[in-house]
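Structural overview
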Amino acid sequence: MFDILNNRDEYEVVTLYDIHRSQRLIHSHLYEALMSGDISFDMYEFCVVQEPRIGVIFGIPKTHKCLNNRPFRPIVSSPHSATEGVSLVIYAVLGPMIVNEASYTSDSWHFLRKLNVYGQMGIFDPEKHIIFTIDDKLTEDSSLLESRLKDIKGLQNEQEQNILEMQTKTLSLEQHITSEFAKLHQLLQDKEQNLIQQLKEEAAGILGKMEENLSDIKCRCSIIQDQLSDIQLKMQLDDPLNFLMVFRDTKEIYIKPQTEDVLPDIVFANCDVSREMYNYFLHHGDWNEWKSIMRTVPASLTLNPDTAHCSLVLSEDLTMVRWNYTQQQLSDNPERFEIYACVLGREGFTSGRHYWEVVVNNMKGWNVGVTKESSYRKGKFSASQENGYWTLSLTNGNKFQVNSSPLVDLSLTLKPERIGIYLDVEGGEVSFYNASNMSQLYTITDTFTERLHPYFYVGGNLDEQLTLFHLKM
């Protein structure tokens, strides 16, 4: 029996802590009833059990009352339990009200005595009637309800987990957005302050020259004004002979050749340079600085010829690939694809967020995305998520499919001419876009544990080629 009772899936252990918790709960309700006048103080004292104990358990084999095929129904004695006083009061109050009910039975012997009376009255005939107890039906119903409750709770737990994951991801994305824009705001604020400071320093330098030139002009103006006043004063002399003598002595001072008396130049601000420097929002250098801070870098990819299948022809700048009937004689290195017309990007990523675009135009078959560095290259294999390939493909010119787990068929009303691939290594996401209008096609989520390389598959048509589209910054 002890082994059975130790089965925690069937029976729950009741500790003194549970008893005392029940005691506090009962005392709280009794005290509320006492304060509201529903019970007297004597009844309160009678119901309160000061030192309750754990009841004594009895194992009585009543299989018709056992749920889930348990070996016996535990019956716990109630003397001096936390609920003993309340139970006695309830029995004292309700007992007289139900003993006269026809369905009332105090115990099994009382039930048998009532059957005997019913038999003498001709109401009950053991050969014609089948006796069943209500708790048999309740047991069946309880089992069904318990099963349904288990299923519902399972759905509840799953839904709650999904809600929690959604809330967590939303909060994480919100924090990410706030962080990224905070970096951008800081960059723009720093750039604003630097440009204003640079403008002030440049203006101060130019204004200094202007003020210095203005001071020189004013000084010259004052000297000329004094000379003019002196001449006008001498012209007022009454004695002509004296005037001619003064004029002879001063004419070389006041009247200089034009080549000797050069007027100062006006200092102007270089407006064209200022307009170029300050009249644009973000310059190329600012954009490069922004890219390094935001870490979402449009990748200028090139193809890795060491991985290209021998039927693929690559352009000299390693940005275009096409299929050819004639296979080339290439070294069979471990990185090269053996059967399928695939090639990888030379660049590999272990962290950060990266974006690149692939021109597919009217190709009837292609497959683009990323793959892990240790993925299959030799023999036959499926470019699936289970094998370390996260890709979007087109077959027969009209069937778009995401090679995730499970496979996802896409119904696209607009056939993309350029596919954008966005990789977030830490975030575990590979997203595909119609790069013409930046509409999102699908996002695959996973956990990346090794270096990832851009992946490209080219269909077997001579007039088709796949080209890496380099974004111009």
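These numbers were taken from a predicted model, which means no experiment stands behind them.

**Focus on the packing of aromatic side chains**
Enumeration according to the criterion identifies 11 aromatic pairs in this entry. Both rings, one in Trp323 and one in Tyr325, keep their centres 4.7 Å apart while their planes meet at 75°; by these two values the pair is edge-to-face. Arranged with centres 5.0 Å apart and planes meeting at 85°, the rings of Trp390 and Phe448 form a pair that is edge-to-face. Pair noted here: Trp390 is in strand E9 (residues 389-395) and Phe448 is in the loop between strand E14 (439-445) and strand E15 (452-458), with a separation of 58 residues, a long-range link. Looking at Phe448, the relative accessible area reads 12%, which means it is buried.

**Details of helix H2 (residues 16-35)**
Since there are 3.6 residues in each turn of an α-helix, residues three or four apart along the chain are aligned in direction. The terminal C-alpha atoms of H2 lie 28 Å apart, and with 20 residues this matches the ideal 28 Å at 1.5 Å per residue to within 8%. Burial in H2 covers these residues: Asp18, Ile19, Gln23, Ile26, His27, Leu30, Ala33 and Leu34. Down the axis of H2, the buried side of the element spans an arc of 170°, and every buried residue falls inside it. Among the exposed residues of H2, those pointing more than 90 degrees away from its buried face are Tyr17, Leu25 and Met35. Buried residues in H2 make contact with helix H3 (41-47) and helix H4 (84-98). The positive-phi residue at the C-terminal boundary of H2 is Gly37, with phi of around 85°.

**Some words on H4**
Helix length check: H4 (15 residues) gives 20 Å between terminal C-alpha atoms against 21 Å at 1.5 Å per residue, within 8%. At Ala92, H4 shows its largest kink, close to 30°, and the proline Pro96 lies no more than four residues downstream. Every buried residue of H4 is listed here: Gly85, Val89 and Gly95. Buried positions along H4 lie against H3.

**Overview of the confidence of the model for the protein**
Predicted coordinates in areas of low pLDDT are best not read in detail. Across the protein, the average pLDDT comes to 79, with 75% of residues at or above 70. With pLDDT under 50 throughout, residues 291-297 is counted as low confidence; its partners more than four residues away or in other chains account for 17 contacts.

**Considerations on the pairing of strand E8 (residues 366-372)**
A large share of E8 lies buried, amounting to six of its seven residues. The pairing of E8 with E9 spans six bridges and is classified as antiparallel. Pairing of Thr371 across the sheet is with Tyr389, part of E9. Summarising the sheet, E8 and E15 pair through seven bridges and their orientation is antiparallel. The residue bridging Val370 from the neighbouring strand is Pro454, located in E15.

**Concerning the environment of Ile421**
Tracing the backbone through its elements, the reader meets Ile421 in strand E12 (residues 418-424). Assessed through its relative accessible area of 0%, Ile421 is described here as buried. Setting aside its immediate chain neighbours within four residues, Ile421 contacts His354, Tyr355, Trp356, Val358, Val368, Val430, Ser431 and Phe432.

**Quick notes on the nonpolar core**
The biggest cluster of nonpolar side chains holds 37 residues, and the ones touching the most others in it are Trp356, Val358, Trp366, Leu423, Phe456 and Leu466. Residue contacts for Leu466: discarding those within four places in its chain leaves Thr319, Met320, Val321, Val358, Val359, Met363, Trp366, Val368, Phe456, Tyr457 and Val458. Among the nonpolar cores identified, the runner-up in size contains 10 residues, and Ile26, Ala33, Leu34 and Ile39 belong to it.

**Some details on the pairing of strand E10 (residues 399-402)**
Across four bridges, E9 lies against E10 in antiparallel orientation. Bridge pairing in E10 places Ser393 opposite Gln401. Joining the antiparallel neighbours E9 and E10 is a turn of three residues, in which Asn396 adopts a positive phi near 60°. Following E10, the chain reverses through five residues before pairing antiparallel with strand E11 (residues 408-410).

Parameters at a glance
Throughout this description, residue numbers start from 1 for each chain and increase along the sequence as written. With pLDDT at 70 or above as the cut-off, local features in this predicted model cover only qualifying residues; side-chain atom pairs require 80 or more to be listed or tallied, and sums for whole chains, interfaces and linings still use all residues. Side-chain measures were taken over the full set of non-hydrogen atoms in the model, leaving aside hydrogen atoms and water. Any two rings among Phe, Tyr and Trp, with Trp reduced to its six-membered ring, count as a pair given centres within 6.5 Å; such a pair is stacked if its planes are under 30 degrees apart, edge-to-face if over 60, and tilted if neither. A helix here means a DSSP run of H or I that spans at least four residues, while a strand means a run of E at least two residues long, and both kinds are numbered starting from the N terminus. Burial classes follow relative accessibility: with a 1.4 Å probe on protein chains only, a residue under 20% of its type's maximum area counts as buried, one over 50% as exposed, and anything between as partly exposed. In this analysis, the expected span of each helix is defined as 1.5 Å times one less than the number of residues it contains. By definition, the arc is the one covered by directions from the helix axis to the C-beta atoms. Pairs of residues are marked as contacts when any of their non-hydrogen atoms sit within 4.5 Å. Take the seven residues that end at a residue and the seven that start at it, fit an axis to each, and the angle between those axes is the bend at that residue. You can read pLDDT as the predictor saying how much it trusts each residue, on a scale of 0 to 100. The criterion for strand pairing is that DSSP finds at least two bridges linking the strands in question. Among the buried residues, those of types Ala, Val, Leu, Ile, Met, Phe, Trp, Tyr and Cys that are joined through side-chain atoms within 4.5 Å form a nonpolar core.

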